[in-house]
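# Observations on the three-dimensional arrangement
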Amino acid sequence: MPKVTVDGQEIEVPNGATVLQACELAGKEIPRFCYHERLSIAGNCRMCLVEVKPGPPKPQASCALPATDGQEIRTDTDMVKTAREGVMEFLLINHPLDCPICDQGGECDLQDQSMMYGRGATRYEENKRAVTEKYMGPLIKTIMTRCIHCTRCVRFSEEIAGVDEIGAIYRGEDMQITTYLEQAASHELSANVIDLCPVGALTSRPYAFEARPWELKKTWSIDVSDAVGANIRLDSRGREVMRALPRINDAVNEEWLSDKGRYQVDGLSRRRLDKVYIRKDGKLVPAEWNEAFAAIAAANPKGSIAAVAGDLVDCETMFAAKALLGALGSDHLEGRQTGLDYDCSNLAAVNFNSTFEGIENADAILIVGSQVRWEAALVNVRLRKAAKRGAKIFVVGPQWDTTYPATFLGEDAAVLHDLPQAITEAFSKAERPAVIVGGGGLAKGALHPALAFAEQFNLVREGWNGFNVLHMAASRMGGLMLGYAQKGGIGNIAKAKPNVLISLGADELDYGAFADSLKVYIGHHGDAGAHAADIILPGASYAEKDGTYVNTEGRVQFAEKAVFAPGDAREDWTILRAMADALDVSVGFDSFAELQSAMIAAVPALGEEGLADFGQLPNADASIRASGAISYPIADFYMTNVVARASATMQRCSSELLHHDDLKEAAE
Amino acid sequence: MSFLGKIFTWWNGATIGTSLFTMRRGEKVGTDAQGNTYYRSRNKRDMTTAGSYIGAERRWVIYEGANDASRVPPEWHGWLHGSFDDVPESYLPPAKIWETEYVPNATGTADAYRPQGALERGGKRVKAVGDYEAWTPE
Ligand code: SF4
Ligand code: FES
């Protein structure tokens, strides 16, 4: 552990730290443009100059200089001050003065740092360089004249996303950043370069000229577009969510967010359910709340009612529905809409036990039926890190474009019972072996064979649990903890023929199986569920209610309400509470706080933010055998939930990036 | 208007003093569409008296009805303030058909503009639905 002196203050820094990190540890701020904690070091902006002794008598780029014992670092001398002013002046030689029309204004590193470290006045008389516009797809807007050549975007695509999409052409002052052949950037994390770009060269296309950062209300929320539970910040103005940005959480999403989580928010103001509807003579007509409740009461729900949870609902809503069903004497609860029926008797067996942070350290990984890039783009980032550290990765299932070297073992799930030698070799040598079972694998009965695999290769050992299930729905783990899983799955509920079916935003469900039930849809978007429903009660989306979500690791996280629901829509739990009154039963809570404490009393793990403890893995049932060709459940990455399907941005991404319709002109 | 009426409704038209002054010194130059009458001093001597220290002619208006300065239309406003030498009819082009009638400022009167939702208009406004697109079954 080297000891260095920063501005006269002696500190000890970890091995391998750079001078810049040492200064940060000492509480000194070092201006920088190209350095980023999660990217490799480039050292090309020179903004981080400091004075270091011993060494040549000139300022040194601190981000690229390792801290060594006995260094004397100064960040407050005249030399450093003039050096920073000089670098800033060089950067501004070619940077346009268009802050008033730039979307980065107010959250721009260049603005802030020129205020703090730049000269007070300009000395320029020459013309500025101009760069031709580039096309980077429907999400990223480019104004390349503003680029300061920090290459963060290039490094992100290469290192984190793992696709060589963005690069630099020409050199020196003429250097230009572009996507290759000006194709649209099309991977699932492409929009993160917008956050990374320290200036306004890469900005958000759907959000262009919409708002200024200082007029937005910021709310901490949780992303529901997949089961990763990325931490996000919703920026809203009035009752409209303008944008979603990632929050930093090293355990979950690090600093990234998938494009879907980021850009589906414009769907929150389209196709909204804002009135009560009742089906009369085969047609849905607007109605009053009382009428709707009376119609439900008339259908005789006592003892014959079922609830199906959709993919986006929070735990409180699910618990409120469970309490209502309990009061009516029924326990027909299910969340796995597509008919999956895996064994949920022990939640440890359906959890991502390695944790996202842990899976980075795995050295042999078997993926069974999961197209991780689409099902959990941020987990794929972790897998790529593991691969870069030398992990061997095997996939059972149809080929997909991994961003790391992986061996595909064919589509047949039965391969789990007849492992190729490559796997047995890799896993018997591995120190931290892991298996990941995805939705495609669960559908083919791969859960118990995977548990058997875990026993065979000793996946659970001191300080390591390598057994993982990767879900796709934000509500899944929470639903399983609250008992939204039947033996026999959704088919079992259909067989019970309930008088009333309460659908909590379930849009993936096959409503044909419930032809005789009164279908009550409580949700926020008009989609398949609303079309099939007999009664529609307008509810709140994830941005419009407080709620608890559990991600696929079993991590309990709270989201806050950013805006109000439109029209007559109510927060879901209040609808269920009012319904209880109309049906003359008591659910035992009158406020959100009471609901939450009742839920926590029933499932204590939901009361504590962080990883829930599900205990030991169960023993494998060797009689269950996996068989059949695996297929992946997601057909279109940008269209997986109701919000995304309603979003104009996601529709454009889907048609342009996946179906390659030529929308370039329309998007300009 | 009766003599007593003049005394007690001083806010309409000229006061007695102004009427006397106008009779003695004023020369009528014209009336506008609303019936307000415009005067200037008959005597050149008045040019040097109070109110015309720059040597300009003294000009004034006697309102037909309420003494509200915003009732003077723009063309006569210009004349009153000495921007034009002569009365408007003599040099302004005839009014175009698309020109609207001049309306005095209604602020503070019963005719004042009330936005939708103002209490004076019943306090009702239409629902704000413009910021989202609602779903309909069709
Ligand atoms: S586009 Fe932005 S992130 Fe990329 S090199 Fe230029 S300034 Fe850096
Ligand atoms: S931050 Fe050190 S050179 Fe850019």
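Residues numbered from 1 in each chain as written. Chains lettered and ligands numbered in written order. Predicted model: local features only at pLDDT ≥ 70, side-chain atom pairs only at ≥ 80, totals over all residues.

Per an unreviewed UniProt entry, chain B is named NADH:ubiquinone oxidoreductase subunit NDUFA12, and its organism is Parapontixanthobacter aurantiacus.

Chain A is annotated in an unreviewed UniProt entry as NADH-quinone oxidoreductase from Parapontixanthobacter aurantiacus. Word for word, the UniProt comment on chain A under Catalytic activity (unreviewed entry) is "a quinone + NADH + 5 H(+)(in) = a quinol + NAD(+) + 4 H(+)(out)". (UniProt positions renumbered as here; feature names shortened; annotations may be inferred.)

## Some thoughts on the overall build of chain A
Looking only at helices and strands, chain A features 22 helices and 29 strands. On the principal axes, the C-alpha backbone points of chain A span a range of 85 × 60 × 50 Å. Out of the 668 residues in chain A, the part that is buried amounts to 52%. Across chain A, the fraction of contacts at a sequence separation of at least 24, relative to all contacts at a separation of at least 6, is 70%. (Helix = DSSP H or I, 4+ residues; strand = E, 2+ residues; numbered from the N terminus. Buried ≥ 20, exposed ≤ 12 C-beta atoms within 10 Å, placed from the backbone. Contact = placed C-beta atoms within 7 Å.)

## Description of the nonpolar core
In terms of nonpolar packing, the biggest core is built from 205 residues, with Ile365, Val435 and Val520 of chain A touching the most fellow members. If one sorts the elements of this core by residue count, helix H8 (residues 315-327) of chain A sits on top with eight residues. Aside from chain neighbours lying at most four places away, what touches Val520 of chain A is Ile296, Val500, Leu501, Ile502, Ser503, Ala533, Ile535 and Leu537 of chain A. Listed in part, the six residues of the second largest apolar core include Tyr38, Tyr39, Val61 and Trp76 of chain B. (Core = buried A, V, L, I, M, F, W, Y, C linked by C-beta atoms within 7 Å.)

## Re the UniProt feature "domain: 4Fe-4S Mo/W bis-MGD-type" (unreviewed entry) in chain A
According to UniProt, the positions carrying the feature "domain: 4Fe-4S Mo/W bis-MGD-type" (unreviewed entry) are residues 216-272 of chain A. Secondary structure within residues 216-272 of chain A divides into 9% helix and 35% strand; the distance between the first and last C-alpha atoms comes to 22 Å.

## A word on the site of ligand 1
The local shell around ligand 1 holds 14 residues, among which Cys147, Cys150, Cys153, Cys197 and Ala201 of chain A are the closest. Looking at the shell around ligand 1 residue by residue, the classes come out as 11 nonpolar, two polar and one charged. (Near = placed C-beta within 6 Å. Nonpolar A, V, L, I, M, F, W, Y, C, P; charged D, E, K, R; others polar.)

## Some thoughts on the pairing of strand E14 (residues 283-287) of chain A
Pairing between strand E13 (residues 276-280) of chain A and E14 of chain A: five bridges, direction antiparallel. Opposite Tyr277 of chain A, over in E14 of chain A, you have Pro286 of chain A as the bridge partner. (Pairing = 2+ DSSP bridges.)

## Some details on the UniProt feature "domain: 4Fe-4S His(Cys)3-ligated-type" (unreviewed entry) in chain A
The positions that UniProt labels "domain: 4Fe-4S His(Cys)3-ligated-type" (unreviewed entry) are, in the present scheme, residues 79-118 of chain A. Between the end C-alpha atoms of residues 79-118 of chain A there is a gap of 14 Å, over a span that is 60% helix and 0% strand.

## Some thoughts on the sheet that holds strand E4 (residues 60-61) of chain A
Residues and elements named next belong to chain A. Across the sheet, five strands lie side by side as E2-E1-E5-E3-E4; this open sheet has mixed pairing. Only two strands of the sheet have a single partner each, and these edge strands are strand E2 (9-12) and E4. Of the pairings in the sheet, the one linking strand E1 (residues 3-6) to strand E5 (residues 72-74) comprises two bridges and is parallel in character. From the neighbouring strand, Thr5 faces E5, where its bridge partner is Glu72.

## Details of the interface of chain A and chain B
Many descriptions give the size of an interface as the accessible area lost when the pieces come together. Tallying the contact residues gives 17 residues for chain A and six residues for chain B. Residues belonging to the side of chain A that touches chain B are distributed by class as follows: five nonpolar, five polar and seven charged.

## Overview of the environment of Val550 of chain A
Residues and elements named next belong to chain A. The residue Val550 is located in strand E27 (residues 547-550) in this model. C-alpha of Val550 to C-alpha of Val241: the two residues are 309 residues apart in sequence and 23 Å apart in space. Apart from the residues lying within four places of it in its own chain, the contact partners of Val550 are Cys315, Met477, Gly478, Met481, Arg555, Val556 and Ala612.

## Side note on the domain arrangement of chain A
The domain boundaries assigned to chain A delineate domain 1 (3-93), domain 2 (117-204), domain 3 (277-342 + 475-611) and domain 4 (353-469). Just the C-alpha atoms count here: the centres of domain 1 of chain A and domain 3 of chain A sit 55 Å apart. (Domains from an automatic or database assignment.)

## As for the packing of helix H7 (residues 289-298) of chain A against helix H18 (residues 572-582) of chain A
Residue and element names in this part refer to chain A. Direction vectors running N to C along H7 and H18 enclose 60 degrees, while the axes themselves pass 9 Å from each other. Taken together, the axis directions place H7 and H18 in an arrangement best described as oblique. Pair H7 / H18 crosses with right-handed handedness. Facing Phe293, Ile296 and Ala297 of H7, the residues of H18 in contact are Ala578, Met579 and Ala582. Of the residues in the contact of H7 with H18, the class split is six nonpolar, no polar and no charged. (Axes fitted to C-alpha atoms, helices over the stretch in contact; angles between N-to-C directions. Parallel < 35°, antiparallel > 145°, perpendicular 65-115°, else oblique. Left-handed = near helix turned anticlockwise from the far one by under 90°.)

## Some thoughts on the sheet that holds strand E10 (residues 217-222) of chain A
Residues and elements named next belong to chain A. Read across the open sheet, the three strands follow the order E10-E11-E12; overall the sheet is antiparallel. At either margin of the open sheet sits one strand with a lone partner, and together these are E10 and strand E12 (240-246). Each strand of the sheet is rotated relative to its neighbour by a mean of 30 degrees, with strand direction disregarded.

## Structural notes on unusual backbone geometry
All names here are of chain A. Cis geometry marks the peptide bond from Lys53 to Pro54; its omega dihedral reads 0 degrees. Mapped onto the secondary structure, Pro54 falls in the loop between strand E3 (49-53) and E4. Phi angles above zero are rare outside glycine, and Phe209 is one such case at about 60 degrees. Mapping Phe209 onto the fold places it in the loop between strand E9 (202-204) and E10. Notably, Lys497 is not glycine yet its phi reads approximately 45 degrees, a positive angle. Position of Lys497 relative to the elements: it lies in the loop between helix H16 (489-496) and strand E24 (500-504). Lys497 gets classed as partly exposed once you count the C-beta atoms within 10 Å, which come to 14.

## Concerning H18 of chain A
Residue and element names in this part refer to chain A. Within H18, burial applies to Asp572, Trp573, Ile575, Leu576, Arg577, Met579 and Ala580. Taken together, the buried residues of H18 touch H7, H8, E24, strand E25 (518-523), strand E26 (535-538) and helix H19 (592-602). Positive phi appears at Asp584, one or two residues downstream of H18, with a value of about 65 degrees.

## Some remarks on the pairing of E26 of chain A
Residue and element names in this part refer to chain A. Burial along E26 is two-sided: Ile535 and Leu537 and Ile536 and Pro538, pointing in opposite directions, are all buried. As paired elements, E13 and E26 share two bridges and run antiparallel to each other. Bridging across to E26, Ile278 finds its partner in Ile535. Here E25 pairs with E26 via four bridges, running parallel. From the neighbouring strand, Ile522 faces E26, where its bridge partner is Leu537.

## Focus: the environment of Glu138 of chain B
Mapping Glu138 of chain B onto the fold places it in the segment after helix H3 (74-80). Glu138 of chain B sits 97 residues away from Ser41 of chain B along the chain, and the two C-alpha atoms are 76 Å apart.

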